[in-house]
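# Tertiary structure, described
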Amino acid sequence: RSSYDAVAVVYIPYEDRNRLKLPEWHQSLADYVSDNRIRLFMASDMQEPYTQQDVIQFAEHIDADVVLGIDVSVDAQAQETSAAAICNTTYFIPDFNSAQLAVILAEEFVSETQLPFWGFDEADGNTPLVALATRPSAMLKISQSQKDAESVEAVYKLNERIVAVIKNTLGSIYTAQG
């Protein structure tokens, strides 16, 4: 821990764990965190099946500074891809909390993707990654349109932008705190 300025954990659902597996995206994240003295744990790198609860327990165990969640689902009814952020407003840390993290995550998503953002939702039993966290934690729930989900190019662009959102969010957090 002493060789890093920060420790972050990123959750992607187990069934979607290959979303960011392209070597150039993995390398891009690795280079970024190395250059910025951030220790990054990607849940998708875990060998065994995992849940949101497993990931938040891991984050607590390693004393992570922040936990980010990225959850992409396909919405057959959606006309376009959009997102909302999940935060826990009841867990409050004076210097930096879940709500502030959710705002940064949302701002970086909108800035990077130019896609519609539908606002903020309170964490509940369906989002234990955020609801049970005792450290700043936020989740981006991306609802991908059927048309975009069936387009290799659209999926690639979204995934590429998700990598940028993760890097930019970590950069914004640690620049603001540092």
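Below is a summary of the structure that appears in this document.

Thresholds applied
All residue numbers here refer to positions counted from 1 along the written sequence of the relevant chain. Since the coordinates come from a predicted model, pLDDT governs what is reported: local features require at least 70, and pairs of side-chain atoms require 80 or more to be given and counted, while whole-chain, interface and lining totals use all residues. With hydrogens and water stripped out, all remaining heavy atoms of the structure feed into the side-chain values. Only strands joined by at least two bridges in the DSSP assignment are considered to pair. Put simply, DSSP H or I for four residues or longer makes a helix, DSSP E for two residues or longer makes a strand, and each gets a number counted from the N terminus. The angle between two axes is taken between their N-to-C directions and runs from 0 to 180 degrees, where each axis is a line fitted to C-alpha atoms and a helix contributes only its stretch in contact. Residues count as neighbours in contact if any of their non-hydrogen atoms are within 4.5 Å of one another. Nine residue types can take part in a nonpolar core, namely buried Ala, Val, Leu, Ile, Met, Phe, Trp, Tyr and Cys, and a core is a set of them joined through side-chain atoms within 4.5 Å. Using a 1.4 Å probe on the protein chains alone, a residue whose accessible area is under 20% of its type maximum counts as buried, one over 50% counts as exposed, and one in between counts as partly exposed. Salt bridge criterion: a side-chain nitrogen from Lys or Arg within 4 Å of a carboxyl oxygen from Asp or Glu. Pairing of aromatic side chains requires ring centres within 6.5 Å, counting the rings of Phe and Tyr and the six-membered ring of Trp. Pairs whose planes differ by under 30 degrees are stacked, by over 60 edge-to-face, and all others tilted. As a reminder, the over-ring test applies to NZ of lysine and CZ of arginine, requiring each to be within 6 Å of the ring centre and within 35 degrees of the ring normal. Working rule for helices: expected span equals 1.5 Å times residues minus one. By arc we mean the arc of the directions from the helix axis to the C-beta atoms, nothing more.

### Here we look at the sheet that holds strand β3 (residues 66-75)
Consider a sheet: its strands pair through backbone hydrogen bonds, and that pairing is either parallel or antiparallel. Pairing in this open sheet of six strands is mixed, and the strands run β2-β1-β3-β6-β4-β5 from one edge to the other. Two strands close off the open sheet at either side, each with one partner strand: β2 (38-42) and β5 (117-122). If you compare each strand with its neighbour and ignore which way they point, the axes differ by 20° on average. Here strand β1 (residues 6-11) runs beside β2; their pairing, made up of five bridges, is parallel. Residue pairing across strands places A6 opposite I38, the latter belonging to β2. Each of β1, β2, β3 and β6 (137-145) is contacted by helix α2 (residues 52-61), which is oriented at about 175° to β1, the strand it contacts most.

### Some words on the nonpolar core
I70, I142 and L170 are the most contacted members of the largest nonpolar core, which totals 36 residues. Broken down by element, this core gets its largest block of residues, eight residues, from helix α6 (residues 152-177). Leave out the neighbours within four places in its chain, and I70 touches V10, Y11, I12, P13, M139, L140, I142, I162 and I166. Counting 16 residues, the second largest nonpolar core, distinct from the first, contains V7, A43, I86 and M139.

### Remarks on the pattern of salt bridges
The full count for this structure, using the stated rule, is seven salt bridges. With its nearest N and O atoms 3.2 Å apart, the salt bridge here joins R135 to D63. You can see R135 sitting in the loop between α4 (128-131) and β6 and its partner D63 sitting in the loop between α2 and β3, a full 72 residues away along the chain. Judged by relative accessible area, which is 9%, R135 ranks as buried.

### Brief notes about the environment of E15
Here E15 lies in the loop between β1 and α1 (23-35). For the pair formed by E15 and S2, sequence separation is 13 residues and the distance between their alpha carbons is 33 Å.

### Points about the packing of aromatic side chains
Under the definition given, this model contains five aromatic pairs. Between W25 and Y156, the aromatic rings sit 5.0 Å apart at their centres with planes inclined by 45°, giving tilted as the arrangement. Taken together, the positions of W25 in helix α1 and Y156 in helix α6 put the pair 131 residues apart, joining distant regions of the chain. The class for Y156 is partly exposed, based on a relative accessible area of 34%. Three or more aromatic residues joined by ring pairs make a cluster, and in this case those are Y11, Y14 and Y50. Stacked on the ring of Y14, the Lys or Arg R17 has its end atom at 3.8 Å from the ring centre. Lying across the ring of F41, R39 places its NZ or CZ 4.2 Å from the centre.

### Re α1
Under the 1.5 Å per step criterion, the end-to-end length of α1 is 18 Å for 13 residues, consistent within 8% with the ideal 18 Å. Within α1, the full set of buried residues consists of W25, L29, Y32 and V33. Taken end-on, α1 shows its buried residues confined to a sector of 90°, consistent with a single buried face. Away from the buried face of α1 by more than 90 degrees, exposed residues P23, S34 and D35 are located.

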